[in-house]
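# Per-entry structural report
What follows is the residue order along each chain.
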Amino acid sequence: MKKGASKKHFKVSVRSLVEQLSLRRGDLTLASGGGGPLDGARAHQKVQRSRPGGYRSEVAISHRVERGEFVLEVGGRIDGVFLHSDRVVIEEIKTTHKELEALEENQLHWNQAKIYSHLWAREHDPDRIETQLTYYHLPSGRTRELRRVFSREELRDFFLQAVDRYLEWQRAMLAWKCIRDESMRGRGFPFADFRPGQGLMSDRIYQAIQQGDRLLVEAPTGIGKTMAVLFPALKALAEGHTQKLFYLAARTTGKGVAEKALVQLGRQGVRLRSVTLTAREKICFNPEKACNGEECAFARGYYDRLGEAVEELFGHDSIVRPIIERAARKHRVCPFELSLELALWSDLVICDYNHGLDPRSGLKRLGIEDRGGCTFLVDEAHNLVDRSRRMFSARLRKRPFLDLLRALGRDTTSPAGGVNELLARSARRINDWLAKTRRRLERGDLPAADREAPHDLTPLLREFAGEAEHRLALGPDGSLPNLEDLLDLYFEVTWFLKTAEQYDENYATCRETKKGDFSLRLLCLDPALRLEEALKRCSSAVFFSATLTPMHYFERVLGLARTAQRLVLPSPFPADNHCLLIYDGISTRYRDRTDTASAVARALIAFVSARPGNYLLFFPSYPYLSMVHQHFCSQSPPAEIILQRPAMAEEEREAFLERFAEQQGGTLVAFSVMGGVFGEGIDLVGEQLTGAVVVGVGLPGICPERELIADHFQQQECRGFDYAYRYPGIHRVLQAAGRVIRSENDRGAVLLIDDRFSHFGYRRLLPGQWNPVWVGSERAVGMALNRFW
């Protein structure tokens, strides 16, 4: 939108105009009959090339219409125009896998064709105009043409009705923005004073958004980073320096911290419409059902009820998961799709990294266009390195193809028999290819990893994607009563194909047999280029964390080497409140762990015995945790002990943390792992946490993938070992140690155990403001703590 002196100017595509809430009807379906991006463009071109002389394709057209205080420019491209001597036919082309004879009238398609027909009619002034919907059947190449004749007045009235409905929403949005902006006007920081460094951080973030920059911020734990980020971002939003905010978090806890900050701002009078997105698998009401009207009641008639649900939720400023679920049940609509719809109309979207940066997440549905004037606020940005590698990698497993073949073989009399046969033939070819590759790997004829793309597999996958689209369009029947597995496999295949198209020197091909299944992975070794492309979708971005050391590493791997500004803030808290001990007399290397586990346990007992309280002990792995735990318990320390376990449910994690709030008197010792859910993103303030121990330097385990990453960066004239192991390891250490001091009033102790901390390569990565006390025995640990306490 452009702000003018008297009228508000908007631009909208024909497609967006007809997809507004008031014009959509019917069921929600994620397995539609329309072709995917692999085939759609080619099908359009094939139809267009088949047309006679005088036919024009891809005709650009637009119209500027004034309605009250608004000027709206509607534009797009007409698929085709038949220019006959006595009449004109406007053609809209759609692709489908559904049988042409079984196609039902699609009002959305007709609406789009009618808008294009009106735009043409107003330029050429015919009394009547013919409009044609052409459906191209992807499996067979056949077409079906549906024609209607509309009068000029009929098309004009429909167009103006659509425009008025669109502008009605925009009028409501403008009214809301006036309320929002007024609530921020002249408003100061929500607390009486900035914490040391917090004001500078807030100012630099405001400047970055105002100037459209990328900014990396390293700020110590406990400084109040979330508010220091959100407040200036909202100020920039209200002043028009950005159009939309995305708060991207690595974990549910990070999203929760942002929600709490918004509650605090709301109490101060700030009005902001925000929505929190939850992963589909977590919020789905019918996870065992397919996302279509035939199987799920929340998809059936979804668009008929969506408008009422959205209108109700607009009564809330902060739209969080419980509110979304409550409204979705009341109006019987899919909660996940409802949340995505709300994101279009929200000022701030709180979501996972994937929603903003993963090309699979349907970014345009969230209102993100290339250079679309939005701002990304990336929380715990140190996590984005490994997350982005996973985001831009692709995996193909053999077992789902075998399972599909078995399912298709159960019923040979299905009405979809012919389609099933073609799908099975395609799946069998891929299954055979993967089986052959596994045998070659097991014989030693193929390496576990190399830098060659599997070019001979991609034609088989393209064929499968087409057959799967065709089968999904037919819906469930006796042969495949639940299409969710096929839909998952289809998405897996199409993403693998997309990744294969981008395969370059930043990728490797990994082969693995595990738990009876064989997988092929296109591993993104270096995500910098892909992230650089993803960040083009925003006008400004802020990456913030307590641990972005060394800064040049994050600039390099996050695709910011040529664009980022830096801000590094020292800890504002009194140094006397923090006791940091480094016990460098014990090796925790994998080969030494059995021999030194008892010594580690004695050092832990010395640490937690110096003062009653609550303690978190961090280990590099669960097996090592278990090993030291046995030695620790064998010495009967006077403490209550709890353990983090793999894959803890959300309720178990909450109960684990609640123990720190409950403990009064005595000693609570919690064994946990570095890099896990308790290693970062949790707030245990004051007496809730007395101290923490970090055992080891946090190095990721040696594996073929890490070795490939090391080799890649070594070839890029970077320190390969540092990029693959040392830097990720030290971030885990610093995050774990950062759990202790969360405010200016906190006092606490941290013990690092490993002889490598005395080596320069690790010592140089520790924060400059740390003044460690080096200890060489458990007795020295106890003496140092007695002096501190």
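Residues numbered from 1 in each chain as written. Predicted model: local features only at pLDDT ≥ 70, side-chain atom pairs only at ≥ 80, totals over all residues. Heavy atoms only, no water.

### Considering the overall build of the chain
- A tally of helices and strands in the chain yields 26 helices and 26 strands.
- Taking 28 Å as the expected radius of gyration for a compact globule of 789 residues, we find that the chain reaches 30 Å, a close match to that expectation.
- Overall, the C-alpha framework of the chain stretches about 100 × 70 × 50 Å when taken along its three principal axes.
- Looking at the 789 residues of the chain, the share that counts as buried comes to 56%. (Helix = DSSP H or I, 4+ residues; strand = E, 2+ residues; numbered from the N terminus. Rg over C-alpha atoms; globule rule 2.2 N^0.38 Å. Buried < 20%, exposed > 50% of the residue type's maximum accessible area, 1.4 Å probe, protein only.)

### Things to note about the sheet that holds strand E11 (residues 318-319)
- An order of E11-E10-E12-E9-E13-E18-E8-E19 is seen for the 8 strands of this open sheet, with the pairing classed as parallel. The open sheet has two edge strands, E11 and strand E19 (564-568), and neither has a second partner.
- Here strand E8 (residues 214-218) runs beside strand E18 (residues 540-545); their pairing, made up of 5 bridges, is parallel. Pairing of Val 217 across the sheet is with Phe 544, part of E18.
- The sheet contacts of helix H6 (residues 225-238) involve strand E9 (244-249), strand E12 (348-352), strand E13 (374-378) and E18, and relative to E9 the element is tilted by about 160°. (Pairing = 2+ DSSP bridges. Contact = heavy atoms within 4.5 Å. Axes fitted to C-alpha atoms, helices over the stretch in contact; angles between N-to-C directions.)

### Comments concerning the sheet that holds strand E20 (residues 578-583)
- Spatial ordering of the open sheet is given by E22-E23-E21-E24-E25-E20-E26, a layout of 7 strands whose pairing is parallel. Two strands in the sheet have a free side with no partner beyond their single neighbour: strand E22 (640-643) and strand E26 (773-775). Neighbour-to-neighbour, the strand axes of the sheet open up by a mean angle of 20°, direction not taken into account.
- Packed onto the sheet, helix H21 (residues 622-634) meets strand E21 (614-619), E22, strand E23 (668-673) and strand E24 (691-695) and runs at close to 155° relative to E23.
- Here helix H22 (residues 650-662) sits on the sheet and contacts E21, E22 and E23; the angle it forms with E23, its principal contact strand, is near 150°.

### Observations concerning the confidence of the model for the chain
- Considering every residue of the chain, the mean pLDDT works out to 89; 95% of them sit at 70 or more.
- A low-confidence stretch, residues 31-38 (pLDDT under 50), is modelled with 20 contacts involving residues beyond four sequence positions or located in other chains. (pLDDT = per-residue confidence, 0-100.)

### Thoughts on unusual backbone geometry
- Cis geometry is adopted by the peptide bond preceding Pro 550, which originates at Thr 549 and carries an omega value of -5°.
- Its location among the elements puts Pro 550 in the loop between E18 and helix H19 (551-557).
- The backbone of Ser 636 shows a phi angle near 50°, a positive value even though the residue is not glycine.

### Concerning the state of the cysteines
- The tally for this structure, following the rule as stated, stands at 0 disulfides.
- With no disulfide of its own, Cys 291 lies closest to Cys 284 among cysteine sulfurs, the gap being 5.8 Å.
- As a non-bridged cysteine, Cys 703 has Cys 510 as the owner of its nearest cysteine sulfur, 8.8 Å distant. (Disulfide = S-S within 2.5 Å.)

### Topic: the packing of aromatic side chains
- In total, this model carries 28 aromatic pairs according to the counting rule given.
- Their ring planes at 70° and their centres at 5.3 Å tell us that Phe 401 and Phe 464 sit as a pair that is edge-to-face. With a gap of 63 residues between them, Phe 401 in helix H14 (residues 399-408) and Phe 464 in helix H16 (residues 458-474) connect regions that are remote in the sequence. Note on accessibility: Phe 401 and Phe 464 belong to one class, buried.
- Grouped by ring-pair contacts, the aromatic residues Tyr 553, Phe 554, Phe 713, Tyr 723 and Tyr 727 constitute a single cluster.
- Lying over the aromatic face of Trp 110, Arg 148 brings its terminal NZ or CZ to 4.3 Å of the ring centre. (Phe/Tyr/Trp six-rings, centres within 6.5 Å; stacked < 30°, edge-to-face > 60°. Lys NZ or Arg CZ within 6 Å of the ring centre and 35° of its normal.)

### Topic: the nonpolar core
- Leu 338, Phe 376, Phe 464 and Phe 543 are the most contacted members of the largest nonpolar core, which totals 145 residues.
- Met 201, Met 227, Ala 233 and Tyr 247 belong to the second-largest nonpolar core, a separate cluster that totals 37 residues. (Core = buried A, V, L, I, M, F, W, Y, C linked by side-chain atoms within 4.5 Å.)

### So, the environment of Arg 180
- If you trace the backbone, Arg 180 turns up in helix H4 (residues 152-184).
- Remark: the alpha-carbon pair of Arg 180 and Leu 237, spanning 57 residues in sequence, is separated by 9.4 Å.
- Arg 180 has contacts with Leu 237, Ala 238, Arg 271, Leu 272 and Asp 347, leaving out every residue within four places of it along the chain.
- Among the polar contacts made by the side chain of Arg 180, one reaches the side chain of Asp 347 at a distance of 2.7 Å. (Polar contact = N/O pair within 3.5 Å; in protein donor to acceptor, adjacent residues only side chain to side chain.)

### Brief notes about the pattern of salt bridges
- Taken as a whole and assessed by the stated rule, the structure comprises 44 salt bridges.
- Of the charged contacts, one joins Asp 157 and Arg 156 as a salt bridge, the two residues approaching to 3.4 Å between their closest N and O atoms.
- A network of salt bridges, in which partner residues are shared, links Asp 86, Arg 87, Glu 130 and Arg 147. (Salt bridge = Lys/Arg side-chain N within 4 Å of Asp/Glu carboxyl O.)

### What to know about the pairing of E8
- With 5 of its 5 residues buried, E8 lies for the most part within the structure.
- The pairing of E8 with E19 spans 5 bridges and is classified as parallel. Following the sheet pairing, Leu 215 is matched in E19 by Gln 565.

### Some points on the side chain of His 470
- With respect to the secondary-structure elements, His 470 resides in helix H16.
- Look past the residues within four positions of His 470 in its chain and what remains in contact with it is His 97, Glu 99, His 137, Pro 139 and Val 419.

### Details of the packing of H6 against helix H7 (residues 252-267)
- One way to put it is that H6 packs onto H7 with a least axis distance of 10 Å and a crossing angle of 55°. With respect to their mutual orientation, H6 and H7 come out oblique. Crossing hand, H6 versus H7: right-handed. Facing H6, whose interface residues are Thr 226, Met 227, Leu 230, Phe 231 and Leu 234, H7 presents Val 257, Ala 258, Ala 261, Leu 262, Gln 264 and Leu 265.
- Its residues placed into classes, the contact of H6 with H7 shows 9 nonpolar, 2 polar and no charged. (Parallel < 35°, antiparallel > 145°, perpendicular 65-115°, else oblique. Left-handed = near helix turned anticlockwise from the far one by under 90°. Nonpolar A, V, L, I, M, F, W, Y, C, P; charged D, E, K, R; others polar.)

### Description of helix H11 (residues 335-344)
- Of all 10 residues that make up H11, 9 are buried, and the element is covered over most of its length.
- Pro 335, Phe 336, Glu 337, Leu 338, Ser 339, Leu 340, Glu 341, Leu 342 and Ala 343 are the residues of H11 that are buried.

### A few points about H7
- With 16 residues, H7 extends 23 Å between its outermost C-alpha atoms, agreeing within 8% with the 22 Å of an ideal straight helix rising 1.5 Å per residue.
- Looking only at H7, the buried set comprises Gly 254, Lys 255, Gly 256, Ala 258, Ala 261, Leu 262, Gln 264 and Leu 265.
- Tucked into the core, H7 has its buried residues touching H6, E9, strand E10 (274-276) and E12.
- Once H7 ends, the next one or two residues include Gly 269, with phi positive near 100°. (Expected span 1.5 Å × (residues − 1).)

### A few points about the pairing of strand E25 (residues 748-753)
- Taking burial as the measure, the 6 residues of E25 include 6 buried ones, the bulk of the element.
- Residues Gly 748, Val 750 and Leu 752 point to one face of E25 and Ala 749, Leu 751 and Ile 753 to the other, with burial holding for every one of them.
- Direction of pairing for E20 relative to E25: parallel, over a ladder of 6 bridges. From the neighbouring strand, Leu 581 faces E25, where its bridge partner is Leu 751.
- Sheet topology note: the E24/E25 ladder contains 5 bridges and is parallel. Across the sheet, residue Val 695 finds its bridge partner in E25, namely Ile 753.

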